[in-house]
Amino acid sequence: MEKKLYTVTVFSENHVGLLNQITIIFTRRQLNIETLSVSPSALKGIHKFTITTYTDADTIEKVVKQIDKRVDIIKSYFNTDEDLVYQEIALYKIATDQFLQLGSIEQLIRKYNIRILEMNETCVVLEKTGHYDETQGLFDELSQKLKVLQFIRSGRVAITKSKIERLSDMLASLEDMRPQ
Amino acid sequence: MSNKIKGSEALIKSLLAEGVDTIFGYPGGAIIPTFDALYDYQDKINYILTRHEQGATHSAQGYARVSGKVGVCIVTSGPAATNAITGIGDAMMDSTPMVVIAGQVGSSLLGTDAFQEIDVVGITQPITKWSYQIRSAEEIPSAVARAFYIARSGRPGPVVLDFAKNAQTELVDFKYEKCKFTRGYIPSMPIKQKHIDDAASIINNAKKPLALVGQGVILSNAEKELLSFLEKADIPAASTLLGLSAMPSDFRLNKGFIGMHGNIAPNMKTNECDVLIAIGMRFDDRVTGKLDTYAKQAKVIHIDIDPSEIGKNVAVTAKILGDAKAALCALTEKTEPATHTEWINSFDDFDKLEFDKVIEKELYPKSGDITMGEVVRKVSEATNNNAVLVTDVGQNQMMSARYFRFSQTRSVVTSGGLGTMGFGIPAAIGAKVGAPERTVCMFAGDGGFQMTIQELGTIMQSNIGVKMIVMNNNYLGMVRQWQELFYDKRYSSTPMINPDFNQIADAYRIANRHVSRREDLDDAIAEMLKDDKPFLLVVEVEEQGLVYPMTPAGDTVTNILY
């Protein structure tokens, strides 16, 4: 079966140890986690995990069911890129003198829509948001011209394009099941 | 005036609130306060001291499997917790409700590699339904309530509570409230009428339906509903290893046992039926063989409570998500009465083939050494096919599954998924404690018997009336069988030089007998069953015995050696 990048979104209670329970399900199937991002969700007390992995449709469906089965996982979903608006953020640290010698800073900033977060005598820190190819593109171009001292890219964050707000519907139906 | 009690006592009161009256376990440093509290509740809780923590877990499993209640273990930290891992993993694989409470070092020492500290939650997360560390006494009632709710509901399974020592000694106001709901865990979805309608329409159009019965039927107490469904639609059925005893052995539509060493007819018919109805089973590889060739001609209907099992191994045409009892009730209502006489009779040729090629010489040998099959069948018949069967793992297990007969449900305690050698003796202890009015017969080989042989001490101390039958072939028989068939008869590490098992039983003051001649067998079995006391029957069986029929691992289900 064809492998592609899937984005798994997991909503959970904010309890200790859930990340481990999720990752061991990937480990058992020898799936590499490409990116991982965890944060509190819009709903108080509910955490959101966004995980990307390369696999096939059959496997990802089984993985998500097994994640869903864990106690305190409220709901998990998987999507492909077409269903999502997604973003990553990358930071680049460059020596100030090298940066100034580039000579084409304005062009570079316009081309990549860069923000400069910090600039001092020793270093400049650039920020770029975008898809993987875009943040990587800036890294590659900078690397050709100068030495990037540090480079960091975040895990993916993603929002679905669909009209249905699955989590709120899910929570409402869960509350219906609560015994009176 | 404060009503505060110690955490250890709060734990015991919480267990009592969950209806616990039996605990298996072993004390140690980090759990002493809890054992101290237990001392005051000996009139309410039967505490059985095992000889090893693995034994405690298997006993709790045996107890749970026959009684339907949650098995409970209390052990200490570190090595005790790691000793319990095999039983916890076994309970996870076989969906057995169990709560294991393990002591843990005090909260202030956590993470410091303290004496007998081990990361119990980290180790057990992959093999439990839920694993939780209790760090303060306030958490005890809610953690215990949640543990029991999770262990026994939905698809049952093991829960571990890692109980820090300070939480046992702190004082707490005790107030207990049972858990009835937790947002992140829905045990069972309500049955969807559309699922029922779709499945019923497939069944109503079936010409050659076959049902596969798993432990889910027993776990949801759906035995009656199963028989009504099968009878109404006239559907032949066969059991998985753990589904055995859900249908009486002599039930008209019971076509036996499926899987690697199952009966020829239901395995062959799996690839001939037009509709395959799987009820509370999970299409384990020991049932399906090669998936690419498994039941490809059939429309598959899968009834299961666990959504992650649907489509995991076998693609389904229709599913019914939910509890087997509710599903079968609803399905029977929508199923039209039918007769499939010709189809059902078509099983007979294979049954005759199996009898002629395998069963006759296994059960009724005229000469030669005693066979495992004849021992199992004779014991079964001597109990009027009414005993609880407990097995170890290997040839003894498959022979028992094939030849023991059942007249009531919850009569099989065996390690199916994990295949744990050494399961037999401690599981039999738990089974007898869980069903004291029943005869419990445990079959083991010489290998598995020695893996947990120390539990004879538990039998002696607590006077547990289990009937143990060791079928001794002086080999690790199942491995020997594979070596004979697939490894050019290179018997690597399978011959066993054994101790005198009868002398060991003598040392434990357990009545025992040794049989090596066929003519002594009936009398020895009668002696074993004459009272309700523990007994060890050692039977010397043929060394070269093979469990047939056999579908080689990973082969097509119909590719059967016999």
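Visitor: Before we move on, can you summarise the overall build of chain A with the specific residues and values?
Guide: A count of helices and strands for chain A gives 6 helices and 9 strands. A globule of 180 residues ought to have a C-alpha radius of gyration of about 16 Å, yet chain A, at 20 Å, is considerably larger. Dimensions of chain A along its principal axes, counting C-alpha atoms only, are 70 × 40 × 30 Å. In chain A, which comprises 180 residues, the proportion classed as buried is 43%. Pairs at least 24 residues apart make up 74% of the contacts formed inside chain A by residues separated by at least 6 positions.

Visitor: Explain the interface of chain B and chain A to me, and be specific about the residues and the numbers.
Guide: Facing 25 residues of chain B, the contacting portion of chain A comprises 21 residues. Of all residues in chain B, Gln125, Phe181 and Arg183 of chain B bury the most surface against chain A, accounting for 37% of the area lost on that side. On the surface where chain B and chain A come into contact, there are 3 salt bridges. Note that Lys69 of chain A is salt-bridged to Asp306 of chain B, the shortest N-O span being 2.7 Å. For the interface between chain B and chain A, the tally reads 12 residue pairs in polar contact (both at pLDDT 80 or more). When the residues that make up the side of chain B that touches chain A are grouped by side-chain class, the tally is 11 nonpolar, 7 polar and 7 charged.

Visitor: Pulling in residues and values, what's your account of the pattern of salt bridges?
Guide: One pass over the full model with this rule turns up 38 salt bridges over all chains. A salt bridge links Arg146 of chain B to Asp72 of chain A; the nearest nitrogen and oxygen atoms lie 2.4 Å apart. With one member in each of two chains, Arg146 of chain B in helix α7 (residues 140–152) and Asp72 of chain A in the loop between α2 (57–69) and β4 (73–79) form a pair that bridges those chains. Neither residue differs from the other here; Arg146 of chain B and Asp72 of chain A are each classed as buried. A salt bridge links Lys467 of chain B to Asp531 of chain B, with the shortest nitrogen-to-oxygen separation between them at 3.4 Å. In this pair, Lys467 of chain B is assigned in strand β18 (residues 467–472) and Asp531 of chain B in the loop between α24 (521–528) and β20 (535–540), connecting sequence segments 64 residues apart.

Visitor: Outline the pairing of β18 of chain B, listing residues and values.
Guide: In summary, the side chains of a regular strand alternate between the two faces of the sheet. Residues and elements named next belong to chain B. Of all 6 residues that make up β18, 6 are buried, and the element is covered over most of its length. Of the two faces of β18, the one carrying Lys467, Ile469 and Met471 and the one carrying Met468, Val470 and Asn472 are both buried. The pairing of strand β17 (residues 440–445) with β18 spans 5 bridges and is parallel. Paired with Met442 across the bridge in β18 is Met468. Relative to β20, β18 runs parallel, the two sharing 6 bridges. Residue Met471 lies in a different strand from β20, and its bridge partner there is Val539.

Visitor: Outline helix α17 (residues 372–382) of chain B, supporting the account with residue identities and numerical values.
Guide: Residues and elements named next belong to chain B. Taking burial as the measure, the 11 residues of α17 include 8 buried ones, the bulk of the element. Of all the residues in α17, the buried ones are Met372, Gly373, Glu374, Val375, Val376, Arg377, Val379 and Ser380. Turning to α17, the residues buried within the fold contact α16 (348–363), α18 (395–403), β17, β18, α24 and β20. Positive backbone phi, at 55°, marks Asn384, one or two positions downstream of α17.

Visitor: Lay out the sheet that holds strand β7 (residues 158–164) of chain B in plain terms, naming residues and giving numbers.
Guide: Residue and element names in this part refer to chain B. Ordered by their spatial adjacency, 6 strands build an open sheet running β3-β2-β4-β5-β7-β6, and the pairing between neighbours is parallel. Of all the strands in the sheet, the pair left with one neighbour each is β3 (46–49) and β6 (130–134). For this sheet the average axis-to-axis angle between neighbouring strands, irrespective of direction, equals 20°. Alignment of strand β2 (residues 22–25) against strand β4 (residues 71–75), held across 2 bridges, turns out to be parallel. Note on β4: the bridge partner recorded for Gly25 is Ile74. In this fold helix α19 (residues 424–434) packs onto β2 and β3, with an angle of close to 165° to the strand it touches most, β2.

What counts, and where the lines are drawn
- Within every chain, residues take consecutive numbers counted from 1 along the sequence as written.
- Labels follow written order: the first chain is A, the first ligand is 1, and so on.
- The predicted origin of the model limits local features to residues at a pLDDT of at least 70 and limits the giving and counting of side-chain atom pairs to 80 or more, whereas totals for whole chains, interfaces and linings rest on all residues.
- Values shown for side chains rest on all heavy atoms present in the structure; no hydrogens or waters enter the calculation.
- Numbering of helices and strands starts at the N terminus; helices are DSSP runs of H or I of at least 4 residues and strands are runs of E of at least 2.
- Only the C-alpha atoms count toward the radius of gyration. The rule for a globule is 2.2 Å times the residue count to the power 0.38.
- Think of it in three bands: with a 1.4 Å probe and only protein chains considered, a residue is buried below 20% of the maximum accessible area for its type, exposed above 50%, and partly exposed in between.
- Whether two residues touch is decided by their heavy atoms; if any such pair falls within 4.5 Å, the residues are in contact.
- Accessible area, probed at 1.4 Å, shrinks when two parts are joined; the buried area is that loss added up over both.
- By definition here, a salt bridge exists when the distance from a side-chain nitrogen of Lys or Arg to a carboxyl oxygen of Asp or Glu is within 4 Å.
- Polar contacts, as counted here, are pairs of nitrogen or oxygen atoms within 3.5 Å of one another; within protein the pair requires one atom able to donate a hydrogen and one able to accept it, and residues that are adjacent in sequence qualify only if both atoms are side-chain atoms.
- Following the grouping adopted for this structure description, the nonpolar residues are Ala, Val, Leu, Ile, Met, Phe, Trp, Tyr, Cys and Pro, the charged ones are Asp, Glu, Lys and Arg, and the polar ones are all others, Gly among them.
- Strands pair, by our definition, only if DSSP identifies at least two bridges between them.
- A fitted line through C-alpha atoms serves as each axis, taken over the contacting stretch for helices, and the angle formed by two N-to-C directions is quoted from 0 to 180°.

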